[in-house]
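Take a look at the letters that make up each chain.
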Amino acid sequence: MTAQTANGGTIALTYREAVRAALREALEADPRVFLMGEDVGRYGGCYAVSTGLLAEFGPERIRDTPLSESSFVGAGIGAALGGMRPIVEIMTVNFSLLAIDQIVNNAATIRHMSGGQFSIPLVIRMATGGGRQLAAQHSHSLEGWYAHIPGIRVVTPATLEDARGMLASALACPDPVLIFENALLYNDKGEIPADAGAVDIDRAAIRRPGRDVSLITYGGSLGKTLAAAESLAGQGVDAEVVDLRTLRPLDDATILGSVRRTRRAVIVDEGWRSVGIAAEIMARIMEQAFYDLDAPVARVCSEEVPIPYAKHLEDAALPQTDKIIRAVEHLMGNHG
Amino acid sequence: MTPTEATNDDRPALPERAQALDLLRGMIRIRRFEEKCAELYSAMKIRGFLHLCIGEEAIPVGVMPTLVPEDAIVATYREHGHALARGMPMGAVMAEMYGKAGGCSRGRGGSMHLFDAATRFYGGNAIVGGGLPLAVGLALAERMQGRPNVAACFFGEGAVAEGEFHESMNLAALWNLPVLFLCENNLYAMGTALQLSESNTDIHAKAASYGMTSEAVDAMDVLAVGAAARRATEAIRAGEGPYFLELRTYRFRPHSMFDPELYRNKEEVEAWKQRGPIVTFSQRLREAGLLDDAALAGIEAEVAREVDAAVAFAEASEWEPVGDLARDVYTEEDAA
Ligand SMILES: Cc1ncc(C[n+]2csc(CCOP(=O)(O)OP(=O)(O)O)c2C)c(N)n1
């Protein structure tokens, strides 16, 4: 494929290619693994993630489905119960709403409801996020909603290493794992070690250490947040950037460890502000680190509108680097 | 709606005596178990929703002998009969009704969510239509692993109005999967009569429109159910793909324990009771000289002992410690 071996034992590739490499490796490693979803085969995946895999693995294992999110997600659950290791691709999080019954009422409950008799080793991948002028039915960030549900795990690979490595860990997990791939990341390019493989899906990661404020984010907002941190460094503010990586279960230890060091926190979340994952993280900081804070915890989220089409409106609706910078300035100015 | 009589010549021939008495015993077992459940509900030993299948016993008792232990089963919240006929221990089922740790779902499921790994019983599902995609997936897993087993899926005719029904019909037929669809048409979904919810009340014709073999069966006759299920499972095992049985039956009791039955009149219920699966089958056995008062009394006494023992087991079973509340939300990975 297009990923080329470079010198120094690294390869250059895109996020899309990293996910594809992970898929290929999983399909090669375990005959129980198969990929199913709308247009994953002949079309090559609506984001071209699975391009070429049909030719390599055939239509049984690269399984095109009809437009029936509920039944093919439910079939993934049934197949997992029956001994397979399905990877179900849903085109976008918006369409996952047609399968939410299966995810919430079956995938998340059967382990508990059966008194521990049945596990569901199912992986569901879907694209999420805005920023592509696709308007209000293709731009949602509902991963925070899913993180509300006990019984499932929610992971959000934001880097090439995680795009490459989280799938294997998700497949090794005996319970349902939802992987949210921010669609803006698919074209991200970079180098990763040629032998990159499984990564843990339990811990948040500090992507940029800093002393003055913790910027806590995930997924498509990581790049914007790192850019904000670079810019703030120019103003003498040393920001730490925490990549949550996993939204359920949240890694309290890393989040709170960072906040206790920096004594300030801004949460950056592409979900809407009200009742979102940002609110949950703020609550945990309040519960566990209130007396360590030098300032109220702040958040930069999406504005409370269905994501609009026009570029300038969409930009205004989503978290952006300048908004993050302003939020930090405000925090430092008022309380620094 | 009034019952339609099958003419005597339509009826399948009686099996030999031992087998015939097994069928009768199987139905009486379910009937007496559920009558005891209703009593225990009034005594507040059983709580939550309790849906009895009284009147419909010919379905589980007719179908189960055509399945092998390796086949998978998905059922609904009205599944006591299916669980018992499948061979789940009556004590574990009763203890589940009590919410005890000795219950088949450790008290996490209750009447609507009986599970049993040993008999591949994948639950009572309380989302109308929610079990159908699971059965499709279980069948897919059988096929992909080269196993000759069937996934049997019980559901009410109310599910036919749900999208998950149509999606699952399509997927099972499209992929030629070994699913046995068992639609228990008892003419009412709670208080909504079939003709008030379906533009076309001929349910088996709907299934046929998806290109699978489909039959309507007089499900007040345990032999007719058994014969149809035999045809169906043989066809499925021969690789002919999914098979649909519309099992025409009637529920003698209210929908659940909270139903004043405003939507149907007593005469209708009485007319159906005349055709009840236990009375008619007993009558036929008597006419054929296969059953007398002493034999019936013997069956009743044997069943009464089993029901008493199940109640004693449930009474004696422990409550799950509250400290174990969060157990089995995720799979605990012990050193495996
Ligand atoms: C998706 C969904 N909608 C509504 C209900 C509430 N409800 C429970 S049982 C029932 C009737 C279902 O009737 P049917 O499928 O014919 O099965 P029956 O109860 O007659 O066995 C309804 C509406 C539900 N459990 N799930």
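Residues numbered from 1 in each chain as written. Chains lettered and ligands numbered in written order. Predicted model: local features only at pLDDT ≥ 70, side-chain atom pairs only at ≥ 80, totals over all residues. Heavy atoms only, no water.

### Observations concerning the overall build of chain A
Inference 1: A count of helical and extended segments in chain A gives 13 helices and 15 strands.
Inference 2: In terms of overall size, chain A behaves like a compact globule, its C-alpha atoms giving a radius of gyration of 20 Å where 336 residues would be expected to give roughly 20 Å.
Inference 3: Here the C-alpha coordinates of chain A stretch approximately 60 × 50 × 40 Å along the principal axes.
Inference 4: Expressed as a percentage of the 336 residues in chain A, the buried residues total 62%.
Inference 5: Roughly 12,200 Å² of accessible area belongs to chain A as shown, and the carbon and sulfur atoms make up 55% of that amount.
Inference 6: Positive and negative side-chain charges in chain A, numbering 31 and 41 respectively, have mean positions lying 1 Å apart. (Helix = DSSP H or I, 4+ residues; strand = E, 2+ residues; numbered from the N terminus. Rg over C-alpha atoms; globule rule 2.2 N^0.38 Å. Buried < 20%, exposed > 50% of the residue type's maximum accessible area, 1.4 Å probe, protein only. Areas by Shrake-Rupley, 256 points an atom, 1.4 Å probe, with all protein chains shown as cover. Lys, Arg positive; Asp, Glu negative; His and termini not counted. Charge placed at Lys NZ, Arg CZ, Asp CG, Glu CD.)

### Focus on the environment of D200 of chain A
All names here are of chain A.
Inference 1: Looking at the element boundaries, D200 is found in the loop between β9 (189-193) and β10 (205-208).
Inference 2: With relative accessibility at 37%, the residue D200 sits in the partly exposed group.
Inference 3: Not counting residues up to four positions away in its chain, the partners in contact with D200 are S169 and R245.
Inference 4: Of note is the side chain of D200, whose polar atom sits 2.8 Å from the backbone nitrogen of D202.
Inference 5: Only 2.8 Å separates the side chain of D200 from the backbone nitrogen of R203, close enough to count as a polar contact. (Contact = heavy atoms within 4.5 Å. Polar contact = N/O pair within 3.5 Å; in protein donor to acceptor, adjacent residues only side chain to side chain.)

### Section: the interface of chain A and chain B
Inference 1: At the junction of the two partners, chain A supplies 44 residues and chain B supplies 41 residues.
Inference 2: A combined buried area of about 3,300 Å² lies between chain A and chain B, and 61% of that area is made up of carbon and sulfur atoms.
Inference 3: Area buried by chain A at its contact with chain B is led by H112, M113 and F118 of chain A, which between them contribute 19% of it.
Inference 4: Our count for the chain A to chain B interface comes out at two salt bridges.
Inference 5: Of the charged contacts, one joins E60 of chain A and R143 of chain B as a salt bridge, the two residues approaching to 3.3 Å between their closest N and O atoms.
Inference 6: The tally of links between chain A and chain B comes to 25 residue pairs in polar contact (both at pLDDT 80 or more).
Inference 7: Elements with a minimum of two residues in the side of chain A that touches chain B: β3 (33-37), α2 (53-61), β4 (62-64), α3 (69-81), α5 (100-107) and α6 (110-113) of chain A.
Inference 8: When residues of the side of chain A that touches chain B are assigned to their parent elements, the largest contribution, 10 residues, is made by α3 of chain A.
Inference 9: Partitioned by chemical class, the residues of the side of chain A that touches chain B number 16 nonpolar, 18 polar and 10 charged. (Buried area = accessible area lost by both parts, 1.4 Å probe. Salt bridge = Lys/Arg side-chain N within 4 Å of Asp/Glu carboxyl O. Nonpolar A, V, L, I, M, F, W, Y, C, P; charged D, E, K, R; others polar.)

### Overview of the site of the ligand
Residue and element names in this part refer to chain B.
Inference 1: Around the ligand, a shell composed of 15 residues is seen, among which Y77, R78, E157, G158 and N186 lie nearest.
Inference 2: Here an oxygen atom of the ligand sits 2.8 Å away from a polar atom, N or O, in the side chain of R78.
Inference 3: Between the ligand and the protein, one listed contact pairs an oxygen atom with a side-chain N or O atom of N186 at 2.9 Å.
Inference 4: Coverage of the ligand by the protein amounts to 73% of the 580 Å² it exposes when considered alone.
Inference 5: When grouped by side-chain class, the residues that make up the shell around the ligand number eight nonpolar, four polar and three charged. (Near = heavy atom within 4 Å.)

### So, the UniProt feature "domain: Dehydrogenase E1 component" (unreviewed entry) in chain B
Inference 1: In this structure's numbering, the residues bearing the UniProt feature "domain: Dehydrogenase E1 component" (unreviewed entry) are residues 26-317 of chain B.
Inference 2: The distance from the first to the last C-alpha atom of residues 26-317 of chain B is 25 Å, and the span holds 46% helix and 13% strand. (UniProt positions renumbered as here; feature names shortened; annotations may be inferred.)

### Topic: a nonpolar patch on the surface
Inference 1: Side chains of L97, L98 and W145 of chain A sit close together on the surface and give an oily, nonpolar patch of about 310 Å² of accessible area.
Inference 2: When you line up the elements, L97 of chain A lands in the loop between α4 (93-96) and α5. (Patch = residues over 30% accessible without salt bridge, like charges linked within 9 Å, V, L, I, M, F, W, Y side chains within 5 Å.)

### Remarks on the pairing of strand β1 (residues 72-76) of chain B
Residue and element names in this part refer to chain B.
Inference 1: With five of five residues buried, β1 lies mostly within the body of the structure.
Inference 2: Both faces of β1 are covered, namely the face carrying A72, V74 and T76 and the face carrying I73 and A75.
Inference 3: Judged from the three bridges that link them, β1 and strand β3 (residues 151-156) form a sheet pairing that is parallel. Counted as the bridge partner of I73 is A152 from β3.
Inference 4: Across three bridges, β1 lies against strand β2 (residues 121-125) in parallel orientation. Counted as the bridge partner of A75 is G124 from β2. (Pairing = 2+ DSSP bridges.)

### Some words on helix α10 (residues 266-274) of chain B
Residue and element names in this part refer to chain B.
Inference 1: Every buried residue of α10 is listed here: E268, V269 and W272. The buried side chains of α10 occupy one side of the element, clustering within an arc of 95° when seen end-on. Of the residues in α10, the exposed ones pointing more than 90 degrees away from the buried face are K266, E267 and Q274. (Arc of directions from axis to C-beta.)

### What to know about the pattern of salt bridges
Inference 1: For the structure on display, the rule yields 48 salt bridges over all chains.
Inference 2: Of the charged contacts in the structure, one is a salt bridge between R164 of chain A and E25 of chain A, with a shortest N-O distance of 3.2 Å. You can see R164 of chain A sitting in helix α8 (residues 160-172) and its partner E25 of chain A sitting in helix α1 (residues 15-29), a full 139 residues away along the chain.
Inference 3: With a relative accessible area of 10%, R164 of chain A lands in the buried category.
Inference 4: Here E142 of chain B makes a salt bridge to R120 of chain B, at a shortest N to O gap of 2.8 Å. Pair noted here: E142 of chain B is in helix α5 (residues 131-144) and R120 of chain B is in the loop between α4 (90-98) and β2, with a separation of 22 residues, a long-range link.
Inference 5: The buried category is assigned to R120 of chain B, whose relative accessible area is 14%.

### Structural notes on the sheet that holds β4 of chain A
Residue and element names in this part refer to chain A.
Inference 1: Across the sheet, which stays open at both edges, the seven strands sit in the order β4-β3-β5-β6-β8-β7-β13 with mixed pairing between neighbours. Two strands bound the open sheet, and with one partner strand each, they are β4 and β13 (246-248). Averaged over neighbouring strand pairs, the angle between their axes works out to 20° when direction is ignored.
Inference 2: Where strand β7 (residues 153-155) lies against strand β8 (residues 177-182), three bridges are found, and the strand directions are parallel. Bridge pairing in β8 places V154 opposite L178.
Inference 3: Where α3 meets the sheet, it contacts β3, β5 (85-92) and β6 (123-128), and its direction lies at approximately 160° from that of β5. (Axes fitted to C-alpha atoms, helices over the stretch in contact; angles between N-to-C directions.)

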